[in-house]
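Each chain is listed here by its residues.
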There are 2 protein chains.
Amino acid sequence: MNALNISETMQALGLQAKQASAQMAKAPSAIKNKALLALARLLRSQTEALQADNAKDLARAQANGLSEPMVDRLRLTPKVLETCAQGCEQLAAMADVVGEVSGMKQMPSGIRVGQMRVPLGVFGMIYESRPNVTIEAASLSIKSGNACILRGGSEAIDSNKALARLVEQALLEAGLPATGVQLVQTTDREAVGQLIAMPEYVDVIIPRGGKGLIERISRDAKVPVIKHLDGNCHTYIDAPCDLDMAVKVTENAKTQKYSPCNATESLLVARAVAADFLPRIGAVFAAKGVEMRADAEALALLQAVPGARLQTATEQDWSEEYLAAVISIKVVAGVEEAIAHINQYSSHHTDAIITRDHMHAQRFLREVDSASVMVNASTRFADGFEYGLGAEIGISTDKFHARGPVGIEGLTSLKYIVLGEGEVRG
Amino acid sequence: MNALNISETMQALGLQAKQASAQMAKAPSAIKNKALLALARLLRSQTEALQADNAKDLARAQANGLSEPMVDRLRLTPKVLETCAQGCEQLAAMADVVGEVSGMKQMPSGIRVGQMRVPLGVFGMIYESRPNVTIEAASLSIKSGNACILRGGSEAIDSNKALARLVEQALLEAGLPATGVQLVQTTDREAVGQLIAMPEYVDVIIPRGGKGLIERISRDAKVPVIKHLDGNCHTYIDAPCDLDMAVKVTENAKTQKYSPCNATESLLVARAVAADFLPRIGAVFAAKGVEMRADAEALALLQAVPGARLQTATEQDWSEEYLAAVISIKVVAGVEEAIAHINQYSSHHTDAIITRDHMHAQRFLREVDSASVMVNASTRFADGFEYGLGAEIGISTDKFHARGPVGIEGLTSLKYIVLGEGEVRG
């Protein structure tokens with residue numbers, strides 16, 4: 001397809017999405033839930049057919065020499081498809097937030113003013129490899145009353161096409177427009193450039209993928225972007241604190257999994273508890289093979305830990321998102337220095353304090369400028385499911401519109417509604 | 001000042017604003033209110049000095065041949081300054097929304113999750129002529145815990161500099177950083193280009209002015225923009241409705257003032273009430289000299305009105321924001337056609353239905369895709385003060401982040417806060 005054809009194709013997708021969005025927005029909850037349940041049913045009944053299409057992607061990936069973990073992410077196993085089906089059923093079981101009215105108050109003029117939650121309109125989603133994201137995005141789009149245009153990775157194109165056909169069938173079964181959820185059928189990169197530059201049709205772009213991709217999209221997009229850059233998360237051990245809790249939570253925050261964006265990458269320790277705390281957590285890290293990049297003061301306290309893998313931290317380490325068995329460690333004077341360090345080096349994703357001091361907890365909550373701020377809990381909890389959002393379309397590290405895990409509410413906005421009895425302005 | 005110097009100056013303003021924003025964000029309510037009350041006091045005690053600076057702007061405007069209404073908008077009369085002072089006092093009397101915690105719920109894991117309202121950080125405001133906007137923006141910035149960079153019109157530069165000095169003095173008196181509110185001191189246009197392209201320092205841009213300015217800023221900005229484009233507002237007269245109410249509300253919506261963005265520009269009338277309603281409203285418009293641009297069916301019903309100024313409406317009329325004694329009029333089959341027409345032609349600012357039918361009211365509220373949707377009230381009510389927001393920094397015709405009149409809440413975002421007792425992720 002040449003650039004002109006791609007431009008025409010994307011414009012057509014945009015127009016169709018815009019037209020479908022009005023139908024999606026006014027669809028009753030029962031109809032949207034019918035589509036979600038139909039999709040769950042189809043995912044189960046068509047598991048074998050889906051695996052046949054998925055096999056084409058897998059064969060191509062293997063022929064292209066993709067690494068085994070990459071091939072694995074592409075795989076639509078019965079278990080992956082069952083999880084997708086259950087996700088659709090869970091969304092169907094949730095109350096509908098579209099149309100929810102809040103804050104209705106009567107004004108001195110007599111009018112009553114409140115706000116109604118309404119869909120954003122059309123969102124464009126750009127993602128890589130894992131084809132189950134197609135179902136996650138489609139189901140969130142249906143439940144939130146938005147239309148969407150999905151652009152998955154080229155490695156997963158056959159799987160995505162097969163999944164998109166099931167979504168279309170489910171929409172039609174429920175009496176919703178088939179164009180409520182559309183998949184970009186071409187793998188040409190030019191399509192992304194078009195998708196992010198159609199403000200007349202697309203209200204917001206949600207990219208999921210590597211930092212380079214997201215930075216490029218944010219720079220070039222002509223519409224708002226709900227973006228998630230890196231997660232350089234901190235755990236700060238305050239004084240006084242429950243040292244057993246501090247060890248347990250820090251171990252979980254760093255080592256439960258190394259790859260998630262909400263894993264702790266940097267450990268700050270109040271000087272008053274450092275001599276007690278650091279040897280204990282150092283022993284845990286040593287046992288698990290976690291490399292410690294520490295400042296001089298922390299290093300001195302960690303030297304005696306048997307088997308510790310120690311390095312002197314560089315300035316660069318304070319900003320690093322390792323996503324690996326590495327952690328930076330620094331001793332600080334107290335909560336004030338911890339907050340200042342975090343606000344300087346954190347990626348504003350998730351930061352936690354472990355403390356018994358109420359005033360320190362309140363200051364930390366108020367002053368740390370991050371999407372999620374925690375007291376006495378593992379940073380690993382920063383997640384749409386753990387926060388009770390039902391499902392998550394992404395995690396926003398922005399402040400505008402949505403911050404932190406983005407669920408259905410992040411795909412909606414509030415319009416003002418006014419109820420009067422013939423009032424006029426004086 | 002050359003382009004390089006302007007770039008350096010704006011970068012310095014940005015860095016200072018960013019640094020000040022942390023102080024502004026954590027300032028206790030009492031301190032912010034102290035600054036607001038000091039500002040009110042200074043505006044009153046320095047009225048004469050301010051008028052001396054204002055006189056320089058007025059003399060230059062007259063020498064440059066500005067029209068009398070334009071010169072009038074520049075004028076800092078004692079009354080204008082008193083209104084500014086009262087606005088500051090009203091903000092000081094309001095509860096502080098910064099730090100407000102909402103939706104705290106306990107999750108199955110044991111953690112409690114809620115959201116805390118926090119300032120956006122730094123906003124840049126770009127506005128024209130009226131110097132009192134400097135005080136409105138500065139006071140909203142202080143109350144909402146944001147830092148801001150203000151860029152007023154070149155016509156008002158001497159007034160704005162004098163007002164900004166008082167703001168600085170009020171900030172210092174309260175112990176807040178003088179750089180919490182900064183005025184761009186140069187009138188060079190290049191400064192605007194710099195201000196809207198510093199995502200490292202500025203979180204959001206709020207332009208106020210003509211549509212051309214706002215479109216240009218939206219196109220070129222590298223940060224989110226809270227923008228207000230045009231206001232093509234509709235009033236739809238449904239069947240059945242209270243005809244006396246319909247006449248009274250329509251008259252107010254169109255003729256109470258012609259220039260505001262929330263004035264009704266287009267009147268839709270259900271066929272079942274058109275023969276009763278149109279001659280009555282036609283007589284009102286004829287008496288007030290309002291030109292009616294009507295479709296054929298409405299024209300036929302308006303012909304007999306004595307003194308009516310009638311025109312056949314063109315396709316262009318349905319999209320027009322007249323801001324003048326002109327209204328477009330169309331007969332429609334009923335609520336369905338009215339909603340479709342509004343969603344096609346409205347600028348998504350404010351649209352109203354006059355009805356007695358509950359189902360029609362509900363459909364209109366739900367399906368009209370506008371920032372404010374009203375039942376049985378004048379579109380003129382779409383305003384931050386009338387909505388009880390306390391003060392208004394602008395009106396957003398966007399869906400993302402803030403929609404409709406934007407007050408202090410629109411200058412804030414919600415971060416997640418998590419309170420645990422040592423929970424870890426399983």
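By the naming in an unreviewed UniProt entry, chain A goes by Gamma-glutamyl phosphate reductase and is assigned to Comamonas sediminis. The record held by UniProt for chain A lists under Pathway (unreviewed entry) the comment "Amino-acid biosynthesis; L-proline biosynthesis; L-glutamate 5-semialdehyde from L-glutamate: step 2/2." Under Function (unreviewed entry), UniProt gives the following word-for-word description of chain A: "Catalyzes the NADPH-dependent reduction of L-glutamate 5-phosphate into L-glutamate 5-semialdehyde and phosphate. The product spontaneously undergoes cyclization to form 1-pyrroline-5-carboxylate."

(A) A look at the UniProt feature "domain: Aldehyde dehydrogenase" (unreviewed entry) in chain A. Residue and element names in this part refer to chain A. Look at the UniProt record and you will see "domain: Aldehyde dehydrogenase" (unreviewed entry) annotated at residues 16-285 and 318-382. For the annotated span residues 16-285, helix accounts for 53% and strand for 16% of the residues, and the straight-line distance between the end C-alpha atoms is 54 Å. Helix makes up 32% of residues 318-382 and strand 28%, with an end-to-end C-alpha separation of 21 Å.

(B) Summary view of the packing of helix 2 (residues 29-45) of chain B against helix 6 (residues 132-144) of chain B. All names here are of chain B. Axis separation between helix 2 and helix 6 bottoms out at 9 Å; the angle between their running directions is 160°. In terms of their interaxial angle, helix 2 and helix 6 are classed as roughly antiparallel. Along this stretch, helix 2 crosses helix 6, giving a crossing that reads as left-handed. Here Lys32, Asn33, Ala35, Leu36, Leu39 and Leu43 of helix 2 lie close against helix 6, whose contacting residues are Ile135, Ser139, Ile142 and Lys143. Tallied by class, residues from the contact of helix 2 with helix 6 come to six nonpolar, two polar and two charged.

(C) Structural context of the nonpolar core. Residues Leu43 of chain A together with Leu43 of chain B are the most contacted members of the largest nonpolar core, which totals 148 residues. Non-local contacts of Leu43 of chain A, meaning those with residues more than four positions away in its chain, are made with Leu50, Leu81, Cys84, Ala85, Cys88, Ile135, Leu163 and Leu166 of chain A.

(D) Region of interest: the packing of aromatic side chains. Using the criterion set out here, one finds five aromatic pairs over all chains in the structure. With a centroid separation of 4.8 Å and an interplanar angle of 40°, the aromatic rings of Tyr416 of chain A and Tyr387 of chain B are classed as tilted. Of this pair, Tyr416 of chain A sits in strand 16 (residues 412-423) while Tyr387 of chain B sits in the loop between strand 13 (372-377) and strand 14 (394-396), each in a different chain. In terms of burial, Tyr416 of chain A and Tyr387 of chain B fall into one category: buried. Taking 6.5 Å as the distance between ring centres and 20° as the angle between the ring planes, the aromatic pair formed by Tyr236 of chain B and Phe364 of chain B counts as stacked. Of this pair, Tyr236 of chain B sits in strand 7 (residues 233-237) while Phe364 of chain B sits in helix 14 (residues 358-367), and the two are 128 residues apart along the sequence. Each member of the pair, Tyr236 of chain B as well as Phe364 of chain B, is classed as buried.

(E) Spotlight on the interface of chain B and chain A. Contact with chain B, which involves 64 residues of that partner, is made by 64 residues of chain A. Here chain B and chain A share an interface that buries about 5500 Å² over both sides, 56% of which is from carbon and sulfur atoms. Summed over the three residues of chain B that lose the most area to chain A, namely Phe400, Tyr416 and Arg425 of chain B, the buried surface amounts to 17% of that side. There are six salt bridges connecting chain B and chain A. In this structure, Arg425 of chain B engages Glu386 of chain A in a salt bridge whose closest nitrogen and oxygen atoms are separated by 3.2 Å. Between the two partners, chain B and chain A, sit 39 residue pairs in polar contact (both at pLDDT 80 or more). Elements that contribute at least two residues to the side of chain B that touches chain A include exactly helix 1 (3-26), strand 2 (112-119), helix 10 (243-255), helix 14, strand 13, strand 15 (404-406) and strand 16 (412-423) of chain B.

(F) Structural context of the pattern of salt bridges. Counted under the stated rule, the structure contains 60 salt bridges over all chains. The partner of Glu409 of chain A in a salt bridge is Arg117 of chain A, with the nearest N and O atoms 3.6 Å apart. Of the two residues, Glu409 of chain A is situated in the loop between strand 15 (404-406) and strand 16 and Arg117 of chain A in strand 2 (residues 112-119); the sequence distance between them amounts to 292 residues. Residue Glu409 of chain A is classed as partly exposed on the basis of its relative accessible area, which comes to 42%. By relative accessible area, Arg117 of chain A is classed as buried at 12%. Across the salt bridge formed by Glu173 of chain B and Arg41 of chain B, the nearest N and O atoms sit 2.8 Å from each other. Of this pair, Glu173 of chain B sits in helix 7 (residues 157-174) while Arg41 of chain B is found in helix 2, placing the two residues 132 residues apart along the sequence. By relative accessible area, Glu173 of chain B is classed as partly exposed at 36%. The class of Arg41 of chain B is partly exposed, set by a relative accessible area of 45%. A single network of salt bridges, built from pairs that share partners, joins Lys26 of chain A together with Glu336, Arg363 and Glu367 of chain B.

(G) Summary view of the pairing of strand 12 (residues 350-354) of chain A. All names here are of chain A. Among the five residues in strand 12, five count as buried, and that is most of the element. Of the pairings in the sheet, the one linking strand 7 (residues 233-237) to strand 12 comprises four bridges and is parallel in character. Counterpart to Thr235 in the pairing with strand 12 is Ala352. Bridge count between strand 12 and strand 13 (residues 372-377): four bridges; the pairing is parallel. Within strand 13, the residue paired with Thr350 across the bridge is Ser372. Taking the sense of rotation as the criterion, the β-α-β connection linking strand 12, helix 14 (residues 358-367) and strand 13 turns out right-handed.

(H) Inspection of the environment of Ile135 of chain B at higher detail. Residues and elements named next belong to chain B. Structurally, Ile135 can be placed in helix 6. For Ile135, a relative accessible area of 1% corresponds to the buried category. Here the alpha-carbon distance between Ile135 and Ala85, two residues 50 residues apart in the chain, equals 8.6 Å. If we ignore the near neighbours within four places in the chain, the residues touching Ile135 are Leu39, Leu43, Cys84, Cys88, Leu163 and Val167.

(I) Spotlight on the domain arrangement of chain A. Structurally, chain A comprises domain 1 (3-226 + 406-418) and domain 2 (233-381). With centres defined by C-alpha atoms, the gap from domain 1 of chain A to domain 2 of chain A works out at 37 Å.

(J) Main features of the sheet that holds strand 5 (residues 181-183) of chain A. Residues and elements named next belong to chain A. Strand order in this open sheet of four strands is 5-4-3-6, and the pairing throughout is parallel. Here the strands that pair on one side only, and so sit at the sheet edges, are strand 5 and strand 6 (204-207). With strand direction ignored, the average angle separating the axes of adjacent strands in the sheet is 20°. Direction of pairing for strand 3 (residues 122-126) relative to strand 4 (residues 147-151): parallel, over a ladder of five bridges. Residue pairing across strands places Val122 opposite Ala147, the latter belonging to strand 4.

(K) Quick look at the state of the cysteines. According to the stated counting rule, one finds zero disulfides over all chains in the structure shown. In this model Cys233 of chain A remains outside any disulfide bridge; the closest cysteine sulfur is found in Cys261 of chain A, 6.8 Å from its own.

(L) Molecular detail of the sheet that holds strand 6 (residues 204-207) of chain B. Residue and element names in this part refer to chain B. A sheet is described by the order of its strands in space; here four strands give the open sequence 5-4-3-6, paired in parallel fashion. Two strands bound the open sheet, and with one partner strand each, they are strand 5 (181-183) and strand 6. Each strand of the sheet is rotated relative to its neighbour by a mean of 20°, with strand direction disregarded. Inspection of the sheet shows strand 3 (residues 122-126) paired to strand 6 by four bridges, in the parallel sense. Its bridge partner lying in strand 6, Met125 is registered against Ile206. The strands touched by helix 6 are strand 3, strand 4 (147-151) and strand 5; relative to strand 4, the strand with the most contacts, the crossing angle is about 170°.

(M) Layout of unusual backbone geometry. Residue and element names in this part refer to chain A. Residues Ala239 and Pro240 are joined by a peptide bond in cis, for which omega reads 0°. Tracing the chain through its elements places Pro240 in the loop between strand 7 and helix 10 (243-255). Although it is not a glycine, Asn376 sits at a positive phi angle of roughly 55°. By the secondary structure assignment, Asn376 is in strand 13. In this structure, His401 takes a positive phi of about 70° despite not being glycine.

Procedures and definitions
- Residues numbered from 1 in each chain as written.
- Chains lettered and ligands numbered in written order.
- Predicted model: local features only at pLDDT ≥ 70, side-chain atom pairs only at ≥ 80, totals over all residues.
- Heavy atoms only, no water.
- UniProt positions renumbered as here; feature names shortened; annotations may be inferred.
- Helix = DSSP H or I, 4+ residues; strand = E, 2+ residues; numbered from the N terminus.
- Axes fitted to C-alpha atoms, helices over the stretch in contact; angles between N-to-C directions.
- Parallel < 35°, antiparallel > 145°, perpendicular 65-115°, else oblique.
- Left-handed = near helix turned anticlockwise from the far one by under 90°.
- Contact = heavy atoms within 4.5 Å.
- Nonpolar A, V, L, I, M, F, W, Y, C, P; charged D, E, K, R; others polar.
- Core = buried A, V, L, I, M, F, W, Y, C linked by side-chain atoms within 4.5 Å.
- Buried < 20%, exposed > 50% of the residue type's maximum accessible area, 1.4 Å probe, protein only.
- Phe/Tyr/Trp six-rings, centres within 6.5 Å; stacked < 30°, edge-to-face > 60°.
- Buried area = accessible area lost by both parts, 1.4 Å probe.
- Salt bridge = Lys/Arg side-chain N within 4 Å of Asp/Glu carboxyl O.
- Polar contact = N/O pair within 3.5 Å; in protein donor to acceptor, adjacent residues only side chain to side chain.
- Pairing = 2+ DSSP bridges.
- Right-handed = clockwise from strand over helix to strand, strands pointing away.
- Domains from an automatic or database assignment.
- Disulfide = S-S within 2.5 Å.

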